[in-house]
Amino acid sequence: YGIEERDMWSEKMSNVFHMPTQLYDCFQNPDHSPPMAGTAPNGTQKCDRHPGHCYETSYKPYRICLGAENTKINGRKYENLLEHLKGHRPLSLHLKV
């Protein structure tokens, strides 16, 4: 949550451990963040020679922030953590907050 322009942790999870990632940030302007804009390589190539944002395994960007309750504030969508964890088995996620 809150990847800003670039999230090196999610890139590492994708490129080293080949795990698909989900990126959440309701504040970052997609014009300044290729992953949030969906323009960074997304499971389409090896990233060892790519100089910028790159994901060897697929990622999905969401313009959603983590909040105490599911709501919208000043045009930004917030969801609570329980909603995000719903449907996932115990110990099945790697979560960075």
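Model, not experiment: these values are computed from the prediction.

Peer 1: For this particular structure, what's the right way to read the packing of aromatic side chains?
Peer 2: The geometry of two aromatic rings is summed up by the distance between their centres and the angle between their planes. Summed over the entire model, instances satisfying the criterion amount to 3 aromatic pairs. Between Tyr 1 and Tyr 24, the ring centres sit 5.0 Å apart and the planes meet at 25°, which makes this aromatic pair stacked. With Tyr 1 in the segment before helix 1 (8-15) and Tyr 24 in strand 1 (residues 21-24), this residue pair connects regions lying 23 residues apart in the sequence. Given a relative accessible area of 16%, Tyr 1 falls into the buried group. On the basis of an interplanar angle of 15° and a centroid distance of 4.8 Å, the ring pair of Tyr 24 and Tyr 62 is categorised as stacked. Of the two residues, Tyr 24 is situated in strand 1 and Tyr 62 in strand 2 (residues 59-62); the sequence distance between them amounts to 38 residues. You can call Tyr 62 partly exposed: its relative accessible area is 26%. Cluster of aromatic residues (ring-pair linked, three or more members): Tyr 1, Tyr 24 and Tyr 62.

Peer 1: Mind showing me how you'd approach the sheet that holds strand 3 (residues 64-66) here?
Peer 2: Here we have 3 strands laid out as an open sheet, ordered 3-5-4, and mixed in their pairing. Because the sheet does not close on itself, it has two edges, and the strands there are strand 3 and strand 4 (71-73). Across this sheet, the average inter-strand angle for adjacent strands is 40°, counted without regard to direction. When strand 4 meets strand 5 (residues 76-79), the two strands line up antiparallel, connected through 3 bridges. The residue of strand 5 that forms the bridge with Lys 72 is Lys 77.

Peer 1: It is not clear to me how the layout of surface pockets should be interpreted in this structure. Could you clarify?
Peer 2: Gaps left between atoms show up when a probe the size of a water molecule is rolled over them. Counted as a void, the largest pocket has a volume near 570 Å³. Counting only elements with at least two residues in the lining of the largest pocket, the list comes to helix 1, strand 1, strand 2 and helix 3 (81-85). The greatest single-element share of the lining of the largest pocket, amounting to 4 residues, is contributed by strand 1.

Peer 1: Got a minute to help me understand unusual backbone geometry in this structure?
Peer 2: Glycine aside, the phi torsion of most residues is negative, and most peptide linkages are trans. If you check the backbone angles, Asn 74 has positive phi at about 50° while not being a glycine. Within the secondary structure, Asn 74 sits in the loop between strand 4 and strand 5. A relative accessible area of 74% places Asn 74 in the exposed class. Unlike most non-glycine residues, Leu 91 shows phi in positive territory, near 60°.

About the criteria used
Residues numbered from 1 in each chain as written. Predicted model: local features only at pLDDT ≥ 70, side-chain atom pairs only at ≥ 80, totals over all residues. Heavy atoms only, no water. Phe/Tyr/Trp six-rings, centres within 6.5 Å; stacked < 30°, edge-to-face > 60°. Helix = DSSP H or I, 4+ residues; strand = E, 2+ residues; numbered from the N terminus. Buried < 20%, exposed > 50% of the residue type's maximum accessible area, 1.4 Å probe, protein only. Pairing = 2+ DSSP bridges. Axes fitted to C-alpha atoms, helices over the stretch in contact; angles between N-to-C directions. 1 Å grid on protein atoms, 1.4 Å probe; cavity = no way out; pocket = protein on both sides within 12 Å on 5 of 7 lines; lining within 4 Å. Points joined across faces, edges and corners; volume = space filled by probe spheres on them.

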